[in-house]
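# Architecture at a glance
One-letter residues, chain by chain:
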Amino acid sequence: MEKKIPVRGRFAPSPSGRMHLGNLWSCLLAWLAARSCSGEMVLRLEDLDPDRCRPAFCDQVMRDLEWLGLDWDGEPVYQSRRTEAYAQAFRALEAQGLVYPCFCTRAERLTASAPHRSDGTALYDGRCRSLTPAEREVLARTRRPAWRIHAPEETVLFSDLLQGVVSEQLAQDDFILRRSDGVYAYQLAVVVDDAAMGVTQVVRGSDLLSSTPRQLWLQQQLRLPHPEYAHVPLLLAPDGRRLAKRDRDLELGQLQEVYTAPELVGRLAHAAGLLPEYRPVSPRELLPLFSWDRVPKRDMVLSLDTPSSGAEAAQGTP
Ligand code: GLU
(Lines give C-alpha, C1' and ligand atoms only; values in the text may rest on other atoms or scores of the structure.)
Protein backbone atom coordinates (compact mmCIF):
# COMPACT_ATOMS: atom_id res chain seq x y z
CA MET A 1 0.00 0.00 0.00
CA GLU A 2 1.21 3.52 -0.77
CA LYS A 3 2.51 5.24 2.34
CA LYS A 4 0.97 8.65 2.93
CA ILE A 5 3.47 11.40 3.75
CA PRO A 6 2.52 13.21 6.96
CA VAL A 7 1.22 16.70 6.23
CA ARG A 8 3.32 19.69 7.24
CA GLY A 9 1.56 22.96 6.58
CA ARG A 10 2.76 26.50 7.15
CA PHE A 11 1.80 30.02 8.08
CA ALA A 12 3.82 32.50 6.03
CA PRO A 13 2.63 35.98 7.01
CA SER A 14 4.43 39.13 5.87
CA PRO A 15 4.89 41.24 8.99
CA SER A 16 4.38 44.56 7.26
CA GLY A 17 1.47 45.63 9.43
CA ARG A 18 -1.40 44.20 11.42
CA MET A 19 -3.10 41.16 9.86
CA HIS A 20 -6.47 41.80 8.22
CA LEU A 21 -9.48 39.55 7.99
CA GLY A 22 -8.24 37.98 4.74
CA ASN A 23 -4.94 36.96 6.36
CA LEU A 24 -6.84 35.40 9.28
CA TRP A 25 -9.04 33.51 6.85
CA SER A 26 -6.11 31.91 5.00
CA CYS A 27 -4.29 31.18 8.27
CA LEU A 28 -7.38 29.49 9.71
CA LEU A 29 -7.86 27.34 6.59
CA ALA A 30 -4.15 26.44 6.45
CA TRP A 31 -4.23 25.40 10.11
CA LEU A 32 -7.45 23.37 9.70
CA ALA A 33 -6.15 21.62 6.57
CA ALA A 34 -2.98 20.48 8.36
CA ARG A 35 -4.31 19.80 11.84
CA SER A 36 -7.47 17.99 10.66
CA CYS A 37 -5.22 15.21 9.36
CA SER A 38 -2.97 15.33 12.45
CA GLY A 39 -0.36 17.22 10.48
CA GLU A 40 2.24 19.65 11.71
CA MET A 41 2.18 23.39 11.23
CA VAL A 42 5.23 25.63 11.01
CA LEU A 43 5.53 29.41 11.09
CA ARG A 44 7.68 31.51 8.82
CA LEU A 45 7.80 35.28 9.11
CA GLU A 46 8.34 36.68 5.65
CA ASP A 47 10.24 39.75 6.77
CA LEU A 48 12.55 39.99 3.76
CA ASP A 49 11.80 43.58 2.91
CA PRO A 50 13.60 45.81 5.42
CA ASP A 51 11.64 48.85 4.21
CA ARG A 52 8.26 47.36 5.09
CA CYS A 53 8.79 44.83 7.88
CA ARG A 54 9.42 45.58 11.54
CA PRO A 55 10.37 43.21 14.40
CA ALA A 56 7.41 44.56 16.37
CA PHE A 57 5.05 43.39 13.61
CA CYS A 58 6.54 39.87 13.84
CA ASP A 59 5.72 39.71 17.54
CA GLN A 60 2.26 41.07 16.85
CA VAL A 61 1.56 38.43 14.18
CA MET A 62 2.45 35.68 16.65
CA ARG A 63 0.25 37.18 19.37
CA ASP A 64 -2.61 37.49 16.88
CA LEU A 65 -2.35 33.86 15.77
CA GLU A 66 -2.31 32.76 19.40
CA TRP A 67 -5.27 34.99 20.21
CA LEU A 68 -7.21 33.32 17.45
CA GLY A 69 -6.32 29.85 18.80
CA LEU A 70 -3.92 28.85 16.02
CA ASP A 71 -0.73 27.14 17.15
CA TRP A 72 2.42 25.97 15.39
CA ASP A 73 5.26 23.52 15.97
CA GLY A 74 8.84 24.46 16.71
CA GLU A 75 10.55 27.81 16.52
CA PRO A 76 9.42 30.41 13.98
CA VAL A 77 11.71 30.97 11.01
CA TYR A 78 12.61 34.57 10.08
CA GLN A 79 13.44 35.10 6.43
CA SER A 80 15.62 38.09 7.34
CA ARG A 81 18.03 35.61 8.97
CA ARG A 82 18.26 33.22 6.04
CA THR A 83 20.23 35.24 3.51
CA GLU A 84 22.98 32.61 3.19
CA ALA A 85 20.49 29.89 2.17
CA TYR A 86 19.03 32.17 -0.53
CA ALA A 87 22.54 33.11 -1.73
CA GLN A 88 23.38 29.43 -2.13
CA ALA A 89 20.27 28.77 -4.23
CA PHE A 90 20.95 31.90 -6.25
CA ARG A 91 24.47 30.66 -7.00
CA ALA A 92 23.13 27.25 -8.04
CA LEU A 93 20.79 28.93 -10.56
CA GLU A 94 23.60 31.20 -11.72
CA ALA A 95 25.81 28.16 -12.32
CA GLN A 96 23.11 26.80 -14.64
CA GLY A 97 23.34 29.99 -16.71
CA LEU A 98 19.79 31.02 -15.86
CA VAL A 99 20.46 34.33 -14.12
CA TYR A 100 21.31 37.71 -15.66
CA PRO A 101 21.68 41.27 -14.41
CA CYS A 102 18.95 43.76 -15.28
CA PHE A 103 19.87 47.42 -15.28
CA CYS A 104 16.43 48.81 -16.11
CA THR A 105 15.04 51.38 -13.75
CA ARG A 106 11.41 51.01 -12.78
CA ALA A 107 10.36 53.66 -15.29
CA GLU A 108 12.25 51.94 -18.08
CA ARG A 109 10.82 48.59 -17.11
CA LEU A 110 7.32 49.95 -17.40
CA THR A 111 7.90 51.45 -20.84
CA ALA A 112 9.73 48.27 -21.86
CA SER A 113 6.82 46.21 -20.77
CA ALA A 114 5.25 44.08 -23.40
CA PRO A 115 1.71 42.78 -23.03
CA HIS A 116 0.08 42.72 -19.66
CA ARG A 117 -0.85 39.70 -17.62
CA SER A 118 -4.49 39.00 -16.93
CA ASP A 119 -4.07 40.61 -13.49
CA GLY A 120 -2.96 43.87 -15.12
CA THR A 121 0.70 43.75 -14.07
CA ALA A 122 3.24 44.43 -16.79
CA LEU A 123 5.41 41.72 -18.29
CA TYR A 124 9.12 42.42 -18.60
CA ASP A 125 10.28 42.15 -22.20
CA GLY A 126 13.68 40.64 -21.32
CA ARG A 127 15.74 43.41 -22.92
CA CYS A 128 18.70 43.10 -20.52
CA ARG A 129 19.03 39.40 -21.33
CA SER A 130 20.78 40.16 -24.59
CA LEU A 131 23.28 42.73 -23.31
CA THR A 132 26.88 41.89 -24.17
CA PRO A 133 29.48 41.56 -21.39
CA ALA A 134 30.95 44.90 -22.49
CA GLU A 135 27.55 46.63 -22.29
CA ARG A 136 26.99 45.15 -18.85
CA GLU A 137 30.31 46.45 -17.68
CA VAL A 138 29.53 49.97 -18.85
CA LEU A 139 26.09 49.97 -17.21
CA ALA A 140 27.47 48.52 -13.98
CA ARG A 141 29.63 51.62 -13.54
CA THR A 142 26.60 53.76 -12.80
CA ARG A 143 23.87 51.35 -11.68
CA ARG A 144 23.48 48.39 -9.40
CA PRO A 145 21.56 45.73 -11.26
CA ALA A 146 18.67 43.59 -10.10
CA TRP A 147 19.02 39.90 -10.99
CA ARG A 148 16.46 38.09 -13.12
CA ILE A 149 15.97 34.49 -14.06
CA HIS A 150 15.30 33.48 -17.64
CA ALA A 151 11.94 31.76 -17.44
CA PRO A 152 10.87 29.62 -20.40
CA GLU A 153 7.57 30.03 -22.20
CA GLU A 154 5.73 27.17 -20.65
CA THR A 155 2.29 26.33 -19.42
CA VAL A 156 2.45 24.69 -16.03
CA LEU A 157 -0.28 22.29 -14.98
CA PHE A 158 -0.86 21.42 -11.39
CA SER A 159 -3.58 19.95 -9.29
CA ASP A 160 -4.82 22.33 -6.61
CA LEU A 161 -6.51 20.76 -3.58
CA LEU A 162 -9.36 23.28 -3.81
CA GLN A 163 -9.41 24.59 -7.39
CA GLY A 164 -8.78 21.25 -9.16
CA VAL A 165 -6.49 21.15 -12.20
CA VAL A 166 -5.03 24.60 -12.83
CA SER A 167 -3.25 25.59 -15.98
CA GLU A 168 -1.14 28.74 -15.63
CA GLN A 169 1.34 30.44 -17.91
CA LEU A 170 4.83 30.59 -16.53
CA ALA A 171 4.73 33.64 -18.81
CA GLN A 172 7.47 35.13 -20.89
CA ASP A 173 8.33 37.08 -17.83
CA ASP A 174 11.85 36.84 -16.44
CA PHE A 175 11.10 37.44 -12.80
CA ILE A 176 13.43 39.02 -10.26
CA LEU A 177 15.44 36.79 -7.93
CA ARG A 178 17.37 39.54 -6.22
CA ARG A 179 16.63 43.24 -6.02
CA SER A 180 19.20 45.90 -6.85
CA ASP A 181 19.56 46.66 -3.12
CA GLY A 182 20.66 43.05 -2.57
CA VAL A 183 17.42 41.77 -1.01
CA TYR A 184 16.43 38.32 -2.30
CA ALA A 185 12.99 38.18 -3.83
CA TYR A 186 9.90 36.41 -2.54
CA GLN A 187 9.81 33.71 -5.26
CA LEU A 188 13.30 32.45 -4.47
CA ALA A 189 12.99 32.70 -0.69
CA VAL A 190 9.66 30.91 -0.54
CA VAL A 191 10.89 27.95 -2.58
CA VAL A 192 14.10 27.60 -0.57
CA ASP A 193 12.25 27.88 2.74
CA ASP A 194 9.33 25.59 1.94
CA ALA A 195 11.87 22.88 1.14
CA ALA A 196 14.15 23.62 4.13
CA MET A 197 11.18 23.57 6.50
CA GLY A 198 9.86 20.30 5.08
CA VAL A 199 6.55 21.90 4.02
CA THR A 200 4.33 19.44 2.16
CA GLN A 201 1.18 21.57 1.93
CA VAL A 202 0.86 25.24 0.99
CA VAL A 203 -2.51 26.87 1.69
CA ARG A 204 -2.70 30.53 0.69
CA GLY A 205 -4.85 33.16 -0.99
CA SER A 206 -5.69 32.82 -4.66
CA ASP A 207 -3.93 36.15 -5.30
CA LEU A 208 -0.76 34.03 -5.26
CA LEU A 209 -2.00 31.59 -7.89
CA SER A 210 0.12 33.20 -10.61
CA SER A 211 3.24 32.71 -8.45
CA THR A 212 2.75 28.97 -8.22
CA PRO A 213 4.02 28.04 -11.73
CA ARG A 214 7.18 30.04 -11.04
CA GLN A 215 7.67 28.30 -7.75
CA LEU A 216 7.05 24.85 -9.24
CA TRP A 217 9.55 25.63 -11.98
CA LEU A 218 12.16 26.97 -9.53
CA GLN A 219 11.73 23.84 -7.41
CA GLN A 220 12.49 21.81 -10.51
CA GLN A 221 15.63 23.82 -11.32
CA LEU A 222 16.85 23.50 -7.73
CA ARG A 223 15.83 19.82 -7.47
CA LEU A 224 13.55 20.51 -4.54
CA PRO A 225 10.36 18.58 -3.78
CA HIS A 226 6.98 20.02 -4.83
CA PRO A 227 4.52 20.59 -1.99
CA GLU A 228 0.80 20.33 -2.70
CA TYR A 229 -1.11 23.60 -3.07
CA ALA A 230 -4.54 24.89 -2.12
CA HIS A 231 -5.44 28.43 -3.19
CA VAL A 232 -8.30 29.74 -1.12
CA PRO A 233 -10.74 32.41 -2.32
CA LEU A 234 -10.13 35.99 -1.30
CA LEU A 235 -12.35 37.85 1.10
CA LEU A 236 -13.38 41.15 -0.42
CA ALA A 237 -14.32 44.46 1.16
CA PRO A 238 -18.06 45.26 0.90
CA ASP A 239 -17.36 47.40 -2.21
CA GLY A 240 -15.72 44.43 -3.95
CA ARG A 241 -12.10 45.57 -3.46
CA ARG A 242 -9.44 43.19 -2.21
CA LEU A 243 -8.63 43.71 1.45
CA ALA A 244 -5.28 45.44 1.87
CA LYS A 245 -3.07 46.23 4.83
CA ARG A 246 -2.38 49.70 3.56
CA ASP A 247 -6.08 50.55 3.67
CA ARG A 248 -6.23 49.22 7.25
CA ASP A 249 -9.17 47.16 6.08
CA LEU A 250 -10.77 45.05 8.74
CA GLU A 251 -7.48 44.75 10.55
CA LEU A 252 -7.31 42.64 13.65
CA GLY A 253 -6.76 45.52 16.05
CA GLN A 254 -10.13 46.98 15.09
CA LEU A 255 -11.87 43.62 14.93
CA GLN A 256 -10.69 42.76 18.45
CA GLU A 257 -12.54 45.79 19.78
CA VAL A 258 -15.81 44.35 18.55
CA TYR A 259 -15.44 40.56 18.48
CA THR A 260 -14.03 37.83 20.67
CA ALA A 261 -11.82 35.23 18.98
CA PRO A 262 -14.58 32.54 18.93
CA GLU A 263 -16.98 35.07 17.38
CA LEU A 264 -14.54 35.86 14.58
CA VAL A 265 -13.63 32.23 14.01
CA GLY A 266 -17.34 31.34 13.92
CA ARG A 267 -17.99 33.94 11.21
CA LEU A 268 -15.02 32.74 9.15
CA ALA A 269 -16.06 29.10 9.61
CA HIS A 270 -19.59 29.90 8.49
CA ALA A 271 -18.20 31.61 5.38
CA ALA A 272 -15.98 28.56 4.79
CA GLY A 273 -19.04 26.31 4.69
CA LEU A 274 -18.02 24.49 7.87
CA LEU A 275 -20.95 25.69 9.99
CA PRO A 276 -24.52 25.75 8.64
CA GLU A 277 -25.41 28.54 11.09
CA TYR A 278 -23.09 31.06 12.66
CA ARG A 279 -22.05 30.34 16.22
CA PRO A 280 -18.93 31.20 18.24
CA VAL A 281 -16.39 28.35 18.04
CA SER A 282 -12.73 27.62 18.64
CA PRO A 283 -10.56 26.43 15.74
CA ARG A 284 -10.16 23.10 17.53
CA GLU A 285 -13.94 22.48 17.48
CA LEU A 286 -13.85 22.87 13.70
CA LEU A 287 -11.30 20.10 13.12
CA PRO A 288 -13.81 17.26 12.63
CA LEU A 289 -15.89 19.48 10.30
CA PHE A 290 -13.09 20.51 7.94
CA SER A 291 -13.20 19.28 4.35
CA TRP A 292 -12.06 20.96 1.12
CA ASP A 293 -15.38 19.87 -0.44
CA ARG A 294 -17.17 22.39 1.77
CA VAL A 295 -14.91 25.37 1.16
CA PRO A 296 -16.15 27.76 -1.56
CA LYS A 297 -13.90 28.36 -4.55
CA ARG A 298 -14.97 31.90 -5.46
CA ASP A 299 -13.95 35.19 -3.88
CA MET A 300 -16.61 36.54 -1.56
CA VAL A 301 -17.71 39.45 0.54
CA LEU A 302 -17.94 38.54 4.20
CA SER A 303 -20.44 40.76 5.95
CA LEU A 304 -19.47 40.66 9.59
CA ASP A 305 -22.43 42.70 10.84
CA THR A 306 -25.06 40.22 9.85
CA PRO A 307 -23.78 36.87 11.02
CA SER A 308 -26.82 34.97 9.87
CA SER A 309 -26.34 36.07 6.26
CA GLY A 310 -22.67 35.04 6.36
CA ALA A 311 -20.80 35.14 3.09
CA GLU A 312 -22.15 36.22 -0.24
CA ALA A 313 -20.46 35.13 -3.43
CA ALA A 314 -19.19 38.27 -5.09
CA GLN A 315 -20.70 38.90 -8.48
CA GLY A 316 -18.39 39.21 -11.42
CA THR A 317 -15.18 38.22 -9.65
CA PRO A 318 -13.08 35.49 -11.18
N1 GLU B 1 3.87 36.24 2.78
C2 GLU B 1 2.80 36.12 1.85
C3 GLU B 1 1.61 36.92 2.34
O4 GLU B 1 1.52 37.24 3.52
C5 GLU B 1 2.35 34.69 1.66
C6 GLU B 1 3.33 33.93 0.86
C7 GLU B 1 2.94 32.49 0.60
O8 GLU B 1 2.02 31.96 1.23
O9 GLU B 1 3.60 31.88 -0.24
O10 GLU B 1 0.77 37.26 1.53
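What counts as what
- Residues numbered from 1 in each chain as written.
- Predicted model: local features only at pLDDT ≥ 70, side-chain atom pairs only at ≥ 80, totals over all residues.
- Heavy atoms only, no water.
- Near = heavy atom within 4 Å.
- Polar contact = N/O pair within 3.5 Å; in protein donor to acceptor, adjacent residues only side chain to side chain.
- Areas by Shrake-Rupley, 256 points an atom, 1.4 Å probe, with all protein chains shown as cover.
- Nonpolar A, V, L, I, M, F, W, Y, C, P; charged D, E, K, R; others polar.
- Salt bridge = Lys/Arg side-chain N within 4 Å of Asp/Glu carboxyl O.
- Helix = DSSP H or I, 4+ residues; strand = E, 2+ residues; numbered from the N terminus.
- Buried < 20%, exposed > 50% of the residue type's maximum accessible area, 1.4 Å probe, protein only.

### What about the site of the ligand?
As a matter of local geometry, the ligand sits amid Arg10, Ala12, Pro13, Ser14, Glu46, Tyr186, Val190, Arg204 and Leu208. At a separation of 2.8 Å, an oxygen atom of the ligand approaches a polar side-chain atom of arginine 204. Relative to its free-state accessible area of 300 Å², the ligand is covered by the protein chains to the extent of 79%. Here the residues of the shell around the ligand are counted per class, giving five nonpolar, one polar and three charged.

### Some remarks on the pattern of salt bridges
A full pass over the atoms with the stated rule returns 20 salt bridges. In this structure, aspartate 173 engages arginine 214 in a salt bridge whose closest nitrogen and oxygen atoms are separated by 3.3 Å. Here aspartate 173, found in the loop between strand E7 (164-169) and strand E8 (176-178), pairs with arginine 214, found in helix H7 (residues 212-221); they are 41 residues apart in sequence, far enough to count as distant. No difference in accessibility class separates aspartate 173 from arginine 214, as the two residues are buried. Look at the salt bridges and you will find they share partners, linking Arg10, Arg44, Glu46, Arg82, Asp193 and Asp194 into a network.

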